[in-house]
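An overview of the molecular structure
Here is what each chain is made of, one letter per residue.
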Amino acid sequence: MTQSPPSQGPAADGPPPEVSVVIPMHDEAPNVAPLIAGILAACEGTAVEVIAVDDGSRDATSGEVTTLAAADPRIRLVRHAKAAGQSAAVHSGVLAARGRVVCTLDGDGQNPPEELPKLYTPLLAEARAGLGLVAGQRVGRQDSLSKRLGSRIANTLRAWLLKDGTRDTGCGLKGFRRDAFLALPYFDHMHRYLPALFRAQGWEVALVDVSHRGRMAGRSKYSNLRRAVAGVHDLIGVAWLVKRRKKAAPEEVGIARTTLAPAPERETARETTGA
């Protein structure tokens, strides 16, 4: 069972940031310092907090984040006692987030932090009130051939079944409204289906091309076989959710009401007329 942090964590003193950046991490100790430094540099000029979610790491991931957080109050740590998966880590981070806009990126360093402004700038714009999600689509992927081929097959099947309009839902670079995300039904691996889920709830989804780079340190936690087996069940479930979504949009109807005079005035009126 994952540990769900409160809606606002211990860093809730002071005005909330504009943007919360959530990083799911599992055994990523060597990547912590350079990745967080890159995030803060990329978001300079924007009120931001960085929430690293340690998903049951067995290395020094939490210790690295704690050291950085002691020197910078914008950095926060959320931790799961045992690994629960990327979607659970993202969800826990969003629950703890204080910003109305949340951005995510992977903890392995393959998502360049320099791409973050592409995600949160449209969401902060007042003119884009109906925009719920800005999803990155990787260009020039720095992954193995087998991983790229596996993703291409999965993305083709997903796009055909869900018609979500994106070629790459596996990209960790995403920005969204916190309230809209938390209104979605939670399930493991949901982070791969956010465009379809947001569209099903009536939100506008924007797609932006983002760069990709090789892993900074460590190794991938997923195999193509593991992704494929989980993906089949998830895809069927998401297709069912989208089909069975609520399709009626409520609209409150104003009711014309008769305004009565205050009680003392009504009594006076009775006396005057002799009633």
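Residue positions are given per chain, counting from 1 as you read along its sequence in written order. The model is predicted, so local features are restricted to residues of pLDDT at least 70 and side-chain atom pairs to those at 80 or more, both for listing and for counting; the totals for chains, interfaces and linings are taken over all residues. Here the side-chain values reflect all heavy atoms present in the structure, with hydrogen atoms and water set aside.

1. Quick word on the packing of helix H1 (residues 29-42) against helix H2 (residues 61-71)
What counts here: Helix axes use the C-alpha atoms of the stretch in contact, all axes being lines fitted to C-alpha atoms, and the angles between their N-to-C directions lie in the range 0 to 180 degrees. Only DSSP runs of H or I with at least four residues qualify as helices, and only runs of E with at least two residues qualify as strands; both kinds are numbered from the N terminus onward. Each angle is binned into one of four classes, with values under 35 degrees roughly parallel, values over 145 roughly antiparallel, values of 65 to 115 roughly perpendicular, and all other values oblique. Here a crossing is taken to be left-handed if its near helix is turned anticlockwise relative to the far helix by less than a right angle, and right-handed if that turn runs clockwise. Throughout, a contact is declared for two residues whenever any of their heavy atoms are within 4.5 Å. Charged residues are taken to be Asp, Glu, Lys and Arg, nonpolar residues to be Ala, Val, Leu, Ile, Met, Phe, Trp, Tyr, Cys and Pro, and polar residues to be all remaining types, Gly included.
Where H1 contacts H2, the two axes come as close as 7 Å, and the packing angle between them is 30 degrees. The angle between the axes of H1 and H2 places the two elements in the roughly parallel class. For H1 against H2, the interelement crossing comes out right-handed. Contacts between H1 and H2 involve Ala29, Val32, Ala33 and Ile36 from the first element and Thr61, Glu64, Val65 and Leu68 from the second. By residue class, the composition of the contact of H1 with H2 is six nonpolar, one polar and one charged.

2. Some thoughts on empty space enclosed by the protein
Keep this limit in mind: Cavities and pockets were defined on a 1 Å grid built over protein atoms only: a cavity is a set of grid points that admits a 1.4 Å probe from which the probe cannot escape, a pocket is an open set flanked by protein on both sides within 12 Å along at least five of seven lines, and lining residues are those with an atom within 4 Å of any such point. Grid points are joined across faces, edges and corners, and a volume is the space filled by probe spheres set on the points.
One pass over the structure, following the stated rule, counts one cavity of 30 Å³ or more. The volume enclosed by the largest cavity comes to roughly 90 Å³. Residue lining of the largest cavity: 14 residues in total, with Gln86, Val90, Thr104, Gly172 and His191 positioned closest to the centre. Taken together, the residues of the lining of the largest cavity break down into six nonpolar, six polar and two charged.

3. Examining the confidence of the model for the protein chain
Applied cut-off: Per residue, pLDDT captures the predictor's confidence, and it can take any value from 0 to 100.
Here the protein chain shows a mean pLDDT of 82. Residues at 70 or above account for 70%. Here residues 1-11 is modelled with pLDDT under 50, and outside its nearest four sequence neighbours on either side it reaches 26 contacts, counting other chains as well. In this model, residues 266-275 is a region of pLDDT below 50 whose contacts with residues beyond four sequence positions or in other chains number three contacts.

4. Some details on the sheet that holds strand S3 (residues 75-80)
What counts here: By definition, two strands form a pair when at least two bridges between them are found by DSSP.
Read from one edge to the other, the open sheet built from seven strands follows the order S3-S2-S1-S4-S6-S5-S7, with strand pairing classed as mixed. Every interior strand has two partners, whereas the edge strands, S3 and strand S7 (204-210), have only one. Each strand of the sheet is rotated relative to its neighbour by a mean of 20 degrees, with strand direction disregarded. Looking at chain direction, strand S1 (residues 19-25) and strand S2 (residues 48-55) are connected through seven bridges and run parallel. Its bridge partner lying in S2, isoleucine 23 is registered against alanine 52. The strands touched by H2 within the sheet are S1, S2 and S3, with S3 carrying the most contacts at an inclination of about 155 degrees. Contacts from helix H3 (residues 86-96) reach S1, S2, S3, strand S4 (101-104) and strand S6 (174-177), with the element oriented near 150 degrees to S1.

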